[in-house]
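Analysis of the macromolecular model
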Amino acid sequence: MTEATITNTELLELAVDVAREAAALVRERRREHVDVAATKTSATDVVTLVDRESEALIRGRIHDARPDDGFLGEEGSDDAGTSTVRWIVDPIDGTVNFLYGLAPYAVSIAAEREGVVVAGVVLDVPTDTEYTAVRGSGDGVTSRRDGEPISVREDTPLAEWLVGTGFNYVPEVRALQAQAIARLLPTIRDIRRMGSAALDLCRVAEGTYDGYVEEGLHPWDHSAGALVAQGAGATVELTRGVGGRVAVICAPEHGFRTFRDAVDGAGFLAAPGE
Ligand code: IPD
């Protein structure tokens, strides 16, 4: 199918087919021995052979179906392509959980058209839960979990919010994040650090988190999950974090301003002009 005729829904269908195949591979490999293959930004930032195998499978399948598209993957693929479509892929989001045999971890695939994310799937491998989102005509986005519509949590005071977060792999950034969490914690119900940013965004979408904030994410961590969150009634902002990296803030539209102010007040974000 040419890029002019393929619809966003058809891009999503391809993403879902490929994510299911990759998730089956990851699930199968988890039954065998899993070891660290290499480290990246720090000694704690690990990659396994299965991350690489999953990315190779996803890349191969997408290339077979759409050879002209661009492809950006966490494990090193970066091809601009010649069409207006680019795929943004995390072959295992939550690699540390995968390594230890802890849930959750996910396969995350997003498709963007001229730089705008138009379709995404996040597949939670241990539970086989599938979150999808597709941009319709205009700006409308439809999000589903296992085919059923999902929606963010209702409006509650910040003091009752359960907030997801995560930590960057660079120790200096982690130290700043820990200080900000310590300031935020007394003002909310509690925090959770589940280990998969893509699924953290889906939790805001389905209402099992009230909000989510994390600095240091890459496009493969947040592209698909952010679209799922937006389609379920959340606002997602990418801004600059206190450690100088991209910070992602996600909360239901109705509570976004309050949450953003709390996150800023706690010191998660860079000062204006910094
Ligand atoms: C990581 C996870 C984790 C988040 C890290 C990410 P990876 O992705 O999403 O929850 O805290 O910032 O790098 O390395 O497992 O694909």
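Quick summary incoming for the structure in this document. Bear in mind that the values here come from a model prediction, so they are computed numbers and not experimental data.

Helix and strand counts for the protein chain come out as seven helices and 15 strands. For 274 residues, the compact-globule formula gives about 19 Å, and the C-alpha radius of gyration of the protein chain, at 18 Å, lands near that figure. Dimensions of the protein chain along its principal axes, counting C-alpha atoms only, are 50 × 45 × 35 Å. In the protein chain, which comprises 274 residues, the proportion classed as buried is 54%. Of the contacts formed within the protein chain by residues at least 6 apart in sequence, a portion of 60% connects residues at least 24 apart. In the structure as shown, the protein chain presents an accessible area of about 11,800 Å², 50% of it carried by carbon and sulfur atoms. Between the centroid of the 26 positive side chains of the protein chain and the centroid of its 45 negative side chains there is a distance of 3 Å.

With that out of the way, let us pick up the site of the ligand. Around the ligand lies a shell of 16 residues, among which E74, D93, G94, T95 and E214 are the nearest. Measuring from an oxygen atom of the ligand, one finds a backbone N or O atom of G195 at 3.1 Å. In isolation the ligand has 370 Å² of accessible area, and contact with the protein removes 97% of it. With three residues, the single largest contributor to the shell around the ligand is strand 5 (residues 85-93). Considered class by class, the residues forming the shell around the ligand number five nonpolar, five polar and six charged.

Mapped onto the fold, T132 is located in strand 8 (residues 129-135). T132 sits in the buried class, given a relative accessible area of 11%. Residues within four places of T132 in sequence aside, it is in contact with L12, V16, G120, V121, T142, S143, R144 and V228.

The next thing to look at is the packing of helix 5 (residues 197-206) against helix 6 (residues 219-231). The interhelical angle for the contact between helix 5 and helix 6, taken along N-to-C directions, is 5 degrees, at an axis separation of 8 Å. On the basis of their axis angle, the class for helix 5 and helix 6 is roughly parallel. Every residue of helix 6 that contacts helix 5 at A197, A198, L201, C202 and A205 is listed here: D221, H222, G225, A226, V228 and A229. Taken together, the residues of the contact of helix 5 with helix 6 break down into eight nonpolar, two polar and one charged.

Read across the sheet, five strands follow the order 12-11-13-15-14 without closing on themselves; strand pairing throughout is mixed. Edge positions in the open sheet fall to strand 12 (190-192) and strand 14 (234-240), since each of these has one partner strand only. Between one strand axis and the next, the sheet turns through 20 degrees on average, direction left out of account. When strand 14 meets strand 15 (residues 246-252), the two strands line up antiparallel, connected through seven bridges. Each residue of the ladder has a partner; that of L238, found in strand 15, is V248. Running over the sheet, helix 6 touches strand 14 and strand 15 and is turned about 140 degrees from strand 14.

Another aspect to go through is the packing of aromatic side chains. One pair of aromatic rings is described through two measures. These are the centre distance and the angle between the planes. With the rule as written, the count across this model stands at two aromatic pairs. For R30, the ring lying beneath its charged end belongs to F98, and the centroid distance is 5.9 Å. It is R203 that lies over the ring of Y209; its NZ or CZ is 6.0 Å from the centre.

Quick look at the sheet that holds strand 5 now. Spatially, eight strands are ordered 4-3-5-6-7-8-9-10 in an open sheet, and the strand pairing comes out mixed. Unpaired on one side and paired on the other, strand 4 (78-79) and strand 10 (148-149) mark the two borders of the sheet. In this structure, strand 3 (residues 70-73) lies alongside strand 4, joined through two bridges in antiparallel fashion. Following the sheet pairing, L72 is matched in strand 4 by D78. Sitting on the sheet, helix 2 (residues 49-65) is in contact with strand 3, strand 4, strand 5 and strand 6 (106-113), with an inclination near 155 degrees to strand 5. Where helix 5 meets the sheet, its contacts fall on strand 5, strand 6, strand 7 (116-124), strand 8 and strand 9 (141-145), and the angle it forms with strand 7 comes to roughly 95 degrees.

As a further point, take the pairing of strand 15. By the criterion of burial, strand 15 is predominantly enclosed, with six of the seven residues buried. Between strand 14 and the antiparallel strand that follows it, strand 15, lie five residues; G244 among them carries a positive phi value of about 95 degrees.

Our next topic: helix 5. Helix 5 sits mainly inside the fold: 10 of its 10 residues count as buried. Considered for burial, the residues of helix 5 that qualify are A197, A198, L199, D200, L201, C202, R203, V204, A205 and E206. Downstream of helix 5 by one or two residues, G207 has phi in the positive range, about 85 degrees.

Counting residues in each nonpolar core, the largest one holds 35 residues, and the members touching the most others are L11, V26, I58, W87, V107 and I109. Those elements that provide at least two residues to this core are helix 1 (8-30), helix 2, strand 5, helix 3 (95-100), strand 6 and strand 7. Top contributing element to this core by residue count: helix 1, with 11 residues. Leaving out residues up to four positions away in the same chain, V26 has contacts with V50, S54, P91, I92, F98, Y105, V107 and V125. V122, V141, Y212 and A226 belong to the second-largest nonpolar core, a separate cluster that totals 32 residues.

Criteria and cut-off values
- Residues numbered from 1 in each chain as written.
- Predicted model: local features only at pLDDT ≥ 70, side-chain atom pairs only at ≥ 80, totals over all residues.
- Heavy atoms only, no water.
- Helix = DSSP H or I, 4+ residues; strand = E, 2+ residues; numbered from the N terminus.
- Rg over C-alpha atoms; globule rule 2.2 N^0.38 Å.
- Buried < 20%, exposed > 50% of the residue type's maximum accessible area, 1.4 Å probe, protein only.
- Contact = heavy atoms within 4.5 Å.
- Areas by Shrake-Rupley, 256 points an atom, 1.4 Å probe, with all protein chains shown as cover.
- Lys, Arg positive; Asp, Glu negative; His and termini not counted.
- Charge placed at Lys NZ, Arg CZ, Asp CG, Glu CD.
- Near = heavy atom within 4 Å.
- Polar contact = N/O pair within 3.5 Å; in protein donor to acceptor, adjacent residues only side chain to side chain.
- Nonpolar A, V, L, I, M, F, W, Y, C, P; charged D, E, K, R; others polar.
- Axes fitted to C-alpha atoms, helices over the stretch in contact; angles between N-to-C directions.
- Parallel < 35°, antiparallel > 145°, perpendicular 65-115°, else oblique.
- Pairing = 2+ DSSP bridges.
- Phe/Tyr/Trp six-rings, centres within 6.5 Å; stacked < 30°, edge-to-face > 60°.
- Lys NZ or Arg CZ within 6 Å of the ring centre and 35° of its normal.
- Core = buried A, V, L, I, M, F, W, Y, C linked by side-chain atoms within 4.5 Å.

These results come straight from atomic positions and should not be treated as a statement about function.
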